[in-house]
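# Coordinates in review
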Amino acid sequence: MNSTFLIKSTKNQSFGTGFCIHKDDKGSFLLTCFHVVEECEEEFLEVEGKKAELVKKSSSKTVDLALLYVGGLTDTEALTLCMDSIDEGLLFDIYGFKPHKRESYKFEKLDGVVKKISKIQAKNEKIDTYELAIDKEDKIEKGFSGSAVVLEGTNCVIAVATDRHRNGEYAYAIPITYLKDIWDETPKFSSCSDKMSYKGQEKIPFWKKMENQALNTVGGVIVMAVVTGFIYDKVKPQDDTEKIV
């Protein structure tokens, strides 16, 4: 799935992560954090050796989002934007880049759980935020800013990683719905509630969920058919004629 990309500067050593949310015939739209744009410096943004242009940014510093357009970047797949609200304990995956060796970067997938859902207040505004607890075997590192936080085992985005705790065991993310605040032409959001898994909940593979749903649908149709047949037998007109033997 070619959806997540390294965003770096051609001027300095700053870098971050972005992911595709929409594409056209000439290029792709990537979502990231605005502080990534600031650190890389707007005129020096680069993705896959191509210049990235800042299309939109939030008028609020609290909503740390920025939309980039990369012309020529067409071999991409847009992630699904999740419209549903979530609860604490939700399991997620997060994909991003971190420093590796000199002038190289490592692409990693981390696992975790939404530990808290709270609000951040700055000046005269409040925004929702998710506190992410990263799996004990992993740590979120510098470079993951702008990464997509997706439902475990899917490509459904629920949030964008913005900040991390110093020890890397925790991070913060802003709900993907805030994209609507910065882009009037936001792609369609979809319901992904049937793909959500929670900590302590028995994990059911997605194909099994679909199979169960299909069986429930077929079962419902059969029951309705039986009931309808029973009612018809009770109310249909009786034949008063007799057979001639």
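The following paragraphs examine the structure supplied in this document. Being a predicted model, the structure only gives us computed values, none of them experimental.

Note that Asp-84 resides in the loop between strand E7 (80-82) and strand E8 (91-99). Linking Asp-84 and Thr-177, residues 93 residues apart in sequence, is a C-alpha distance of 9.1 Å. Among residues more than four places away in sequence, those in contact with Asp-84 are Ser-190, Ser-191, Cys-192, Ser-193 and Met-196. At 3.2 Å, the side chain of Asp-84 forms a polar contact with the side chain of Ser-191. Only 2.4 Å separates the side chain of Asp-84 from the backbone nitrogen of Cys-192, close enough to count as a polar contact.

With respect to the helices, strands and loops of the structure, Asp-93 is situated in strand E8. According to the relative accessible area criterion, Asp-93 is buried, its value standing at 2%. Polar contacts involving the side chain of Asp-93 include one to the main-chain amide nitrogen of Gly-153, which spans 2.8 Å. Other than its neighbours up to four places away in sequence, Asp-93 contacts Lys-109, Leu-110, Asp-111, Ala-148, Val-149, Val-150, Leu-151, Glu-152 and Gly-153.

Once that is clear, we can look at the state of the cysteines. Working definition of a disulfide: a covalent bond connecting the sulfur atoms of two cysteines. One pass over the structure, following the stated rule, counts zero disulfides. Unpaired in terms of disulfides, Cys-82 finds its nearest cysteine sulfur in Cys-192, a separation of 3.9 Å. Exposure remark for Cys-82: the relative accessible area of 1% places this residue in the buried category. Free cysteine Cys-192: the closest other cysteine sulfur is in Cys-156, separated by 3.3 Å. According to the relative accessible area criterion, Cys-192 is buried, its value standing at 1%.

The next subject is the pattern of salt bridges. According to the stated counting rule, one finds eight salt bridges in the structure shown. The partner of Glu-41 in a salt bridge is Lys-11, and the shortest N-O contact between them spans 3.3 Å. Remark: Lys-11 occurs in the loop between strand E1 (4-9) and strand E2 (15-23) and Glu-41 occurs in the loop between helix H1 (34-40) and strand E4 (45-47); sequence separation between them is 30 residues. Glu-41 gets classed as partly exposed once you look at its relative accessible area, which sits at 25%. Lys-11 gets classed as exposed once you look at its relative accessible area, which sits at 52%. Across the salt bridge formed by Asp-93 and Lys-109, the nearest N and O atoms sit 3.7 Å from each other. With Asp-93 in strand E8 and Lys-109 in strand E9 (residues 105-122), the pair connects residues that are 16 residues apart, well separated along the chain. Residues joined in a network through salt bridges with shared partners are Lys-98, Lys-106, Glu-108 and Glu-141.

Conventions used here
- Residues numbered from 1 in each chain as written.
- Predicted model: local features only at pLDDT ≥ 70, side-chain atom pairs only at ≥ 80, totals over all residues.
- Heavy atoms only, no water.
- Helix = DSSP H or I, 4+ residues; strand = E, 2+ residues; numbered from the N terminus.
- Contact = heavy atoms within 4.5 Å.
- Polar contact = N/O pair within 3.5 Å; in protein donor to acceptor, adjacent residues only side chain to side chain.
- Buried < 20%, exposed > 50% of the residue type's maximum accessible area, 1.4 Å probe, protein only.
- Disulfide = S-S within 2.5 Å.
- Salt bridge = Lys/Arg side-chain N within 4 Å of Asp/Glu carboxyl O.

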